[in-house]
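Listed below are the residues making up each chain.
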Amino acid sequence: MKIVNEALRSDLQAGRPVRLNLGSGKTSREGFYNVDLVALERVDVVADLNRPLDGLPDDSVSEVVCRHTLEHIENIVGLLSELHRVVRSEGRIEIAVPHFSNPYGYSDPTHVHFFGLFSMYYFSDMEDQPRRKVPCHYGVSPFIVEKIRIRFHTRGLLDGSVGRLIRGLVNINYSTQHCYERRFAWLWPASEIRYVLRPKKEPRRPVRPNGCSGE
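No experiment lies behind these values; they were computed from the predicted model shown.

Participant: Honestly, the pattern of salt bridges in this entry has me stumped. Any pointers?
Facilitator: Between side chains of opposite charge, a pair can form when the charged atoms approach closely. In this structure the tally under the stated criterion is 15 salt bridges. Residues R198 and E146 are paired through a salt bridge, measuring 2.8 Å at the closest nitrogen-oxygen approach. Highlighted residues: R198 in strand β8 (residues 192-199) and E146 in strand β7 (residues 143-151), separated in sequence by 52 residues. The structure contains a network of salt bridges with shared partners spanning R19, E63, R67, R92 and E94.

Participant: Looking at this structure, how should I read helix α4 (residues 174-184)?
Facilitator: Since the α-helix turns once every 3.6 residues, residues separated by three or four places project in the same direction. For α4, the complete set of buried residues consists of Y174, Q177, H178, Y180 and E181. Viewed end-on, α4 has its buried residues packed into an arc of 160°, placing them on one side of the element. Pointing more than 90 degrees away from the buried face of α4 are the exposed residues R182 and R183. Of the surrounding elements, those touching the buried residues of α4 are β7, α3 (157-170) and β8. Measuring from the side-chain oxygen of the N-cap residue of α4 to the backbone nitrogen of S175 gives 3.0 Å; that N-cap residue is N173.

Participant: Would you mind going over the side chain of R88 with me for this structure?
Facilitator: In this structure, R88 sits in strand β6 (residues 87-98). As a buried residue without a salt bridge, R88 has its nearest oppositely charged side chain in E90, at a separation of 4.3 Å. Within polar-contact distance, the side chain of R88 engages the backbone oxygen of D59 at 2.9 Å. Once you skip the residues sitting within four places of it in the chain, R88 turns out to touch G15, P17, D59, V61, P199, K201 and R204.

Participant: Mind showing me how you'd approach the pairing of strand β5 (residues 61-67) here?
Facilitator: Sheet faces and side chains relate simply in a regular strand, where the side chains alternate between the two faces. Among the 7 residues that make up β5, 5 are buried, leaving the element largely enclosed by the rest of the structure. Strand direction decides the pairing type here: strand β2 (residues 18-22) and β5, joined by 5 bridges, are parallel. Of the residues in β5, the one forming a bridge with N21 is V65. Looking at chain direction, β5 and β6 are connected through 6 bridges and run parallel. Along β6, the bridge assignment pairs V65 with E94. A crossover connection joins β5 to the parallel β6 through helix α2 (residues 76-86); in handedness this β-α-β unit is right-handed.

Participant: Would you mind showing me how to read α2 here?
Facilitator: Along α2, the positions that sit buried rather than exposed are I76, L79, L80, E82, L83, H84 and V86. For α2, the secondary structure elements touched by its buried residues are β2, β5, β6, β7 and β8.

Participant: What am I meant to see in a nonpolar patch on the surface here?
Facilitator: Nonpolar side chains collect at one region of the surface, where Y106, F114 and W186 lie side by side and expose about 380 Å² of accessible area between them. Mapped onto the elements, F114 comes out in the loop between β6 and β7.

Calculation criteria
Along each chain, residues carry numbers from 1 onward, in the same order as the chain's sequence is written. In keeping with the model being predicted, local features are shown solely for residues with a pLDDT of at least 70 and side-chain atom pairs are shown and tallied solely at 80 or more, while totals for entire chains, interfaces and linings include all residues. Derived side-chain values reflect all non-hydrogen atoms in the structure, with water molecules and hydrogen atoms excluded from consideration. For this analysis, a salt bridge means a side-chain nitrogen from Lys or Arg found within 4 Å of a carboxyl oxygen belonging to Asp or Glu. By the criteria applied, helices consist of DSSP H or I runs no shorter than four residues and strands consist of E runs no shorter than two, each listed in order from the N terminus. Relative accessibility thresholds used throughout: buried, under 20% of the residue-type maximum; exposed, over 50%; partly exposed, between the two (1.4 Å probe, protein chains only). The arc refers to the directions leading from the helix axis to the C-beta atoms. Should any heavy atoms of two residues lie within 4.5 Å, those residues are counted as being in contact. Whenever a nitrogen or oxygen atom comes within 3.5 Å of another N or O atom, the pair is scored as a polar contact, on the condition that within protein one atom can donate a hydrogen and the other can accept it, and that pairs from neighbouring residues in sequence are kept only if both atoms are in side chains. In this tally, Asp and Glu contribute negative charge and Lys and Arg positive charge; neither His nor the terminal groups of the chain are included. Whether two strands pair comes down to DSSP finding at least two bridges between them. Look down the strands so they point away from you; if the path from the first strand over the helix to the second goes clockwise, the crossover is right-handed. Patches in this entry comprise residues that are over 30% relatively accessible and not in a salt bridge; like charges within 9 Å are linked, as are nonpolar side chains (Val, Leu, Ile, Met, Phe, Trp, Tyr) within 5 Å. Surface accessibility follows the Shrake-Rupley procedure with a 1.4 Å probe radius. Residue values consider only the protein chains on display as shielding.

Dropping the structure here:
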């Protein structure tokens, strides 16, 4: 990775927590440093997300937004491992990706993964999963899945009215989300699914002025 914004380098050297917008493309976010594979005008970090984020120290990030990027990443296990390393224990990771039932998701030849209700639980300890357990067997340091929301198309009269109604019913709780995916996803496809994750690890220990970690 290559840091092209000196403000980010300064924040990291001073130990100030930073916020990252991964796969930003041409869409910048206020208060976030933008990360993309291509050195576009407002990109602060040029990085291949399939490779280590070796320019970021441990526990240096307070928030990550990753919208419609993860479906393009072949090395998801590696990226999540790096996010676990760089995001603080109290940090927040927001991910938005196409839901597996989205018919448009299959049209893009650069999409290499598809996602559903349980996808992120494969990176979560058994005791932190809902009733249906999935194996956490990828060797990734675990995450807490704090929130999941399934969203629907809202363009047009039919999608706009029905989509909003279905979104409310589907997202009442985990059970209604599970019921939707098992029985109704192909009758009324979703557009995307959003996750909020937090790294499961010990809180970052404060550093004393002399450079030694405090208790």
